[in-house]
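# Tertiary structure, described
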Amino acid sequence: MGQRSSSPVEDGPLESRQLYITDITFESTERVTDHWVPRNLKELWVSGFSSSDDVSFPLFRVSPVRWEVKRFIQLPGDTDVLEFTVKCNQGADVGFLRLDLERMRYNEMQHIQRLRQKTEMGGADIPLTMSWNGRKTGIRELIDVATLLYNRGFERLLAFQKNGGNSELTDAIRLLQDAVDLTPQGNASLPVRLNSLGIVLTWHFQRTGNLCDISQAIEVHHKAVKLTAREHSDLPSCLSNLGNSLAHRFGHTGELPDIVQAISCQERAIELTPLGSATLPAQLNNLGGSLTHCFERTGELSSISQAIHVRKRAVELTAQGHENLPLYLSNLGTSLTCRFKRTGNIADITQSVSEHEKAIELTPHGHTDLPSRLNSLGLARTLRFERTGEFADIIQAISELKEAVELCPQGHPSLASYLTDLGGSFTHRFERMGELTDIADAISARQKAVELTPQNHNAMHLRLGNLGNSLTRRFEQTGELSDIIQAIQSHKQALECTPDSHTTLPAHLDDLGGSFTDHFEKTGELTDIADAISVRRRAVDLTPQNHSGLPIRLTNLGSSLTRRFERTGELADIAEAIIVRRRAVELTPEGHADLPGYLNSLGTSLTRSFERTGDATHNADAISSWKKAVDLSPQGHASQPAYSNNLAFAFHHRYVILSGNIEDLEEALSCCRTAASATVGSPKTKLLAAKHWAHALILHRPNSPEILLCFDTMLRLVSLIAGLEQTVRGRYAQLESTSGLALKAAAAACAMDRPVKALEWLEQGRCLVWTQLNNLRTPLDNLRAHDEALARCIEDTAKLLENAGSSRGQPHGTMSLAQSISLEDEARAQLRLARKWDDLLKRARAMPGFESFLMPLQCSNIMQHLPESGPIVVINMDVRRCDALALLAGLDEPLHIPLPEFSVEKATKYRALLNSQLRIHNLRVREVGVNASTDGEPTPRGIRLASAGNRCGDSAVHRVLRRLWEEVVKPILDALGYSKIDRTTGHVLPRIWWCPTGVLTFLPLHAAGIYQGPDAECIFDYAVSSYTPTVSAITDRVKNDSSIDTKASGLFLTSQPNAPGASSIPGTTKEVQSISERAKNNGIRVQKFVGDEMSVDACLEHMQKFSCIHLACHGSQNAAEPLQSRFLFHQGSLELGTILKSNLKNADLAFLSACQTSTGEEKLSDEAVHLAAGMLAAGYRRVVGTMWSIGDQPAQTVATTFYDYLFARREAKSDAAFDGALSAYALHHAVQQLRLSLDDSEHSFLTWIPFVHFGL
């Protein structure tokens, strides 16, 4: 069934009087109930006309059960029956009616002037009634009505031009369409009316993007041209308007025949227009637009040059003050911008900015074209910024582009284009300044642009490509893998909808190659870099030799070749990279904004070649290229740190390998210092420079005071790359690349005998995420006393940031665009919160007495709040040296204890030995199957029982514990003056808090000792051991020690023996039952739940009501998402992130009777990524956890003995209060009892060692 856009009136016979049906309505008569769903009827189709085509009329809903046809239908004189069919939104027929025209004519013969009829439609899926009026009209009356309708339509057209209202435009279309329908064939007014109708349909298309509008516009313009005599003065106007409509459709579909025909029509219009005609400027302007579109599609320079020529003529022929002058100026600027993109001629873009500025000056505020003109000016300024680097241009461009978006009505088809261009300007400013808010805003704008663009739109490939570029830029700064995956997906989609002959194809190929290259650098997949080189070669091959984009594509091809050379060592790759990058530099004019970047890239390839071949000329050329890049880059450019660091690299290479000239070393250090200390640029780039700076100083000047400045700078940058604007997962991903930097800094400080600085750096650079969380939860009582409003604002922002960091989802490949936009909006909101947090901290620190508010603590502050019962011992592990820093109450600074017999190499070896035994005994498996004990009962809790054999006097575990004792623990105890204490004397052992770093965090310092032979001794004979992830985790608790609400004092226990997907641990039920009974017998407030008796939410409620908790269940750690580490319950999982959000103001003791709750993550050894540290962060003062899997029976034994110790030493009280103040001693006692009950086999040692105590 083909739709016909014309009315039957136009083709019917010219009679003295015509019969019409009007006021057509459809009404559903079905019963409306509470569950009734409104129907969606779309259109009425009418068949039976003498022509072969059927005619459709849109249906307009006027109530939930009523629809109207806004048009009238002329009844043909040569047909007896018309068939009416109603269709729904899905295109299905929902009802039909046969109209008897013979009967209607009979009524006409009876001189009935108005006929009314109402009838039910047959075959309807719903009860539907059609009603209408019949009307008989004479030809003269018909023409008068058509004229009246046309005049009214033209008035609405003029009102739309003035006000821009959608209703005015739709009214104009309806009235003009009716006027055309009522105008008889051959009437002299018909071409004019068709022309006007075509214009308003084109305008409506510009608003809606509906292809039906523009197709109908082209059809009526074709008719107008066909009906207009060659010599008629209106023909040029008709031809020009037809060309405009064709050009608009081309802009949407990209069909080349449309733009070719448009140019032909417009050139013919100009030929027929006499010089001096008032319409000539408009026709020249329109032709210029079509030529510009043609150039964008084909790349033919002659097209854009001709476009500029005719548009200049249009401006010259238009009088000052003419209402169309701003339009012609703006369009001339647009064509100049297009040519600049191709040629890079600075004169073109400068003139473009000037023409756009003039256009805006002449455009009144509120004019419908103002957004478009602001957008064009902003785009021209952005391009000039790219070329010249003039920062004022990009600032002004963003302002203008923002205004364009704000002024553009929602639903306007140009809004997507404006958003894309705004995103481009944000991206360019990000590349200059490195500010994450800019790239977040860019991605958000470009995602929304893609969402607003119809799938078949000609600009879709451009918008997808632009979105991919912005995602790639952010990945290059943050390293977030999901960004580069989405970027590759966007670029691939862009290529899929780009015609093979399109001029943007090389750019899309190049961009995809860039994303492949970045993905390769993240994953190391060789197929990625091979694909990158392949598509980038094709991009270069498809780019014309004189194209302004050729240098960047050559440089980028060189980048991919260089990356592959770095991986494979294939000399042909680096040789080709140098060739193409030299050519890029040669093709780029002096003064071009991209030249420093091309020089920098060339320097990189030359240096890689020098490293492999030793060719000194390549090193000299690299230094020359990088020097020039540094000199040419504008002051304040985000790339300056990278250029300076690369230059430092070349100087250092020459110093070490070739010259030994001290001046080269001085230059290298100076460039590193400049790069690391820069106020602009990516924190990751500056951190790389700081690492280089530190390496050079340690290697050549290990005692230089400059080392202190270097590491201060480095650790400040570490905190920036893992800032609060990122999710917890994102922060940990960033910190993987910084692991060990704080340890390296502390080792340098110890080498210079600066233990104070070593302690400060270790506290500043380790456990960064937990420190951030602690800062967000810091009590603000002192600040509140000085500025209550500021304290409240900080508290509110902290809560929002904490929630944002842990709750935001992660993008994935199957996510819809709408979901991606939602996530991006969340990311931008978190970024704004992080900036607000920084601003609030600045305000607080500006107040007297709060200068160091939430800043890394100075040593003097740390030493003020140490526990009286024993020292905190920080052990620093670095490849250069190992040292202990003992912090004792009453001292002003740490006691420095060098550990010359210990090393990272030894610690790594000991860990490997211990791990091998854990694997042998199946104690590294978090979830293993249930095994039977000797009595046939299932007993293991994530552990397989081993035989009691292996009593080898020098087994692996014994060797590890002996070496830790001799090389680490005993030297520290000796330096502290600790002596062995005879347990029989009743003397209380002192406490000692171990704060290990690096690989030492995975070794059991609390079990170090010699357990066999006459010289047997161990840490148990000297002190009670606890652990802490940082010093501040203890000092904060000492400083803020407050009494627990007596109403919350008590013990809450739960066992979860049969969690879904985990092995059965039936002993947990016996464990909590036994402890619960003991607690009740001691008059302690206690509550117990087993398995299905308790939900996850109920557990949280009880954790808030009880100061102490005992969780006997499976635990699951998530190193990638630490806040998703969880305890497994029958009715779900209790995640750490959920616990952290709870208000646990009375939290005291958490006994985690689960497996591996204090096992860290190797890549993040200094971030304490485990459940025990997480429970400390949640507010618990002390936590009992395990280093590896534990047996069901030993777990019960340790737990019951632990509580027996606490209950027995509980002060006599009349109430049911209970706390864990003696928990470290209780665990020490319980483990000691278990140890003494076992033999000295490896399995026995691995049974009691894993139990550890954290906190006070």
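These lines cover the structure that appears in this document, whether it is placed above or below. These numbers were taken from a predicted model, which means no experiment stands behind them.

## A closer look at helix 40 (residues 1067-1081)
Taking 1.5 Å per residue as the helical rise, helix 40 with its 15 residues ought to reach 21 Å, and the 21 Å between its terminal C-alpha atoms agrees with that figure. Among the residues of helix 40, Gly1067, Thr1068, Glu1071, Val1072, Ser1074, Ile1075, Ser1076 and Ala1079 are the ones counted as buried. Directly after helix 40, the chain includes Gly1083, whose backbone phi takes a positive value near 75 degrees.

## Here's the deal with unusual backbone geometry
With a phi close to 60 degrees, Asp753 is a non-glycine residue in the positive phi region. Within the secondary structure, Asp753 is located in the loop between helix 30 (741-751) and helix 31 (755-765). According to the relative accessible area criterion, Asp753 is exposed, its value standing at 54%.

## Concerning a nonpolar patch on the surface
A cluster of nonpolar side chains, Val656, Ile657 and Leu658, forms an exposed patch at the surface whose accessible area comes to about 270 Å². Along the chain, Ile657 turns up in helix 25 (residues 640-659). Residue classification places Ile657 among the exposed positions, given a relative accessible area of 53%.

## Quick word on helix 20 (residues 526-542)
Because each turn of an α-helix spans 3.6 residues, side chains separated by three or four positions end up pointing in the same direction. When the terminal C-alpha atoms of helix 20 are compared, their 25 Å separation across 17 residues agrees well with the 24 Å that a helix rising 1.5 Å per residue should span. Buried within helix 20 are the following residues: Asp528, Ile529, Ala532, Ile533, Val535, Arg536, Ala539 and Val540.

## Side note on the packing of helix 37 (residues 904-920) against helix 38 (residues 956-976)
Between two packed helices, both the angle of their axes relative to each other and the distance between the axes serve to describe the pair. One way to put it is that helix 37 packs onto helix 38 with a least axis distance of 9 Å and a crossing angle of 150 degrees. Between helix 37 and helix 38, the angle is such that the two are roughly antiparallel. Crossing hand, helix 37 versus helix 38: left-handed. Contacts between helix 37 and helix 38 involve Lys906, Tyr910, Leu913, Leu914 and Gln917 on the former and, on the latter, Ala956, Val957, Arg959, Val960, Arg963, Leu964 and Glu967. For the contact of helix 37 with helix 38, a count of residues per class yields seven nonpolar, one polar and four charged.

## A short note on the sheet that holds strand 8 (residues 93-100)
Judged by pairing direction, the sheet is antiparallel, and its four strands sit side by side in the order 3-2-7-8 without closing on themselves. Looking at the sheet topology across the chains shown, the edges are occupied by strand 3 (55-58) and strand 8. In this sheet, adjacent strand axes meet at a mean angle of 20 degrees when their direction is disregarded. With seven bridges joining them, strand 7 (residues 81-88) and strand 8 adopt antiparallel strand pairing. Residue pairing in the sheet places Val86 in a bridge with Gly95 of strand 8.

## Points about the pairing of strand 4 (residues 60-63)
Pairing analysis gives three bridges linking strand 4 to strand 5 (residues 66-68), with the strands arranged antiparallel. Following the sheet pairing, Arg61 is matched in strand 5 by Trp67. Joining the antiparallel neighbours strand 4 and strand 5 is a turn of two residues.

## Quick look at the side chain of His1102
Along the chain, the position of His1102 falls in helix 41 (residues 1096-1105). A polar contact of 2.8 Å, which involves the side chain of His1102, links it to the backbone oxygen of Ala1098. In this view, His1102 contacts Phe1052, Gln1087 and Phe1089; residues no more than four positions away in its chain are not counted.

## Digging into the packing of aromatic side chains
Evaluation of the coordinates by the stated rule reveals 18 aromatic pairs. Here the aromatic rings of Phe160 and Trp203 are separated by 5.7 Å at their centres, their planes lie at 35 degrees, and the arrangement is tilted. Of this pair, Phe160 sits in helix 3 (residues 139-163) while Trp203 sits in helix 5 (residues 190-208), placing them 43 residues apart in sequence. Accessibility expressed as a relative area gives 22% for Trp203, which makes it partly exposed. Geometrically, the ring pair formed by Phe1020 and Trp1248 is edge-to-face, given 5.6 Å between the ring centres and 75 degrees between the ring planes. Of this pair, Phe1020 sits in the loop between strand 17 (1017-1018) and strand 18 (1024-1027) while Trp1248 sits in helix 46 (residues 1242-1248), placing them 228 residues apart in sequence. Each member of the pair, Phe1020 together with Trp1248, is buried. An aromatic cluster is defined as three or more aromatic residues linked by ring pairs; in this entry it consists of Phe1151, Phe1202, Tyr1203, Phe1207 and Phe1218. For Arg1209, the ring lying beneath its charged end belongs to Tyr1205, and the centroid distance is 3.7 Å. Taking the ring centre of Phe1020 as reference, the NZ or CZ of Arg1235 above it sits at 5.3 Å.

## Topic: the sheet that holds strand 24 (residues 1132-1135)
The strand order across the open sheet built from three strands is 22-23-24, with neighbouring strands paired in antiparallel fashion. Looking at strand neighbours, the two that pair on one side only are strand 22 (1114-1116) and strand 24, the edges of this open sheet. In this sheet, neighbouring strand axes are inclined to one another by 30 degrees on average, regardless of whether the strands run parallel or antiparallel. Sheet topology places strand 22 next to strand 23 (residues 1126-1129); three bridges connect them, and they run antiparallel.

## Remarks on the pattern of salt bridges
Applying the stated rule across the entire model yields 40 salt bridges. Note that Arg66 and Glu27 form a salt bridge whose closest N and O atoms lie 3.5 Å from each other. Remark: Glu27 occurs in strand 1 (residues 17-28) and Arg66 occurs in strand 5; sequence separation between them is 39 residues. For Arg66, a relative accessible area of 28% gives the class partly exposed. In this structure, the salt-bridge partner of Arg608 is Glu611, at a minimum N-O distance of 3.6 Å. On the criterion of helical spacing, the pair formed by Arg608 and Glu611 is a turn pair, its members being three residues apart in helix 23 (residues 595-613). Three or more residues joined by partner-sharing salt bridges are found here, namely Glu521, Arg563, Glu566, Arg608 and Glu611.

What counts and how
Residues numbered from 1 in each chain as written. Predicted model: local features only at pLDDT ≥ 70, side-chain atom pairs only at ≥ 80, totals over all residues. Heavy atoms only, no water. Helix = DSSP H or I, 4+ residues; strand = E, 2+ residues; numbered from the N terminus. Expected span 1.5 Å × (residues − 1). Buried < 20%, exposed > 50% of the residue type's maximum accessible area, 1.4 Å probe, protein only. Patch = residues over 30% accessible without salt bridge, like charges linked within 9 Å, V, L, I, M, F, W, Y side chains within 5 Å. Areas by Shrake-Rupley, 256 points an atom, 1.4 Å probe, with all protein chains shown as cover. Salt bridge = Lys/Arg side-chain N within 4 Å of Asp/Glu carboxyl O. Axes fitted to C-alpha atoms, helices over the stretch in contact; angles between N-to-C directions. Parallel < 35°, antiparallel > 145°, perpendicular 65-115°, else oblique. Left-handed = near helix turned anticlockwise from the far one by under 90°. Contact = heavy atoms within 4.5 Å. Nonpolar A, V, L, I, M, F, W, Y, C, P; charged D, E, K, R; others polar. Pairing = 2+ DSSP bridges. Polar contact = N/O pair within 3.5 Å; in protein donor to acceptor, adjacent residues only side chain to side chain. Phe/Tyr/Trp six-rings, centres within 6.5 Å; stacked < 30°, edge-to-face > 60°. Lys NZ or Arg CZ within 6 Å of the ring centre and 35° of its normal.

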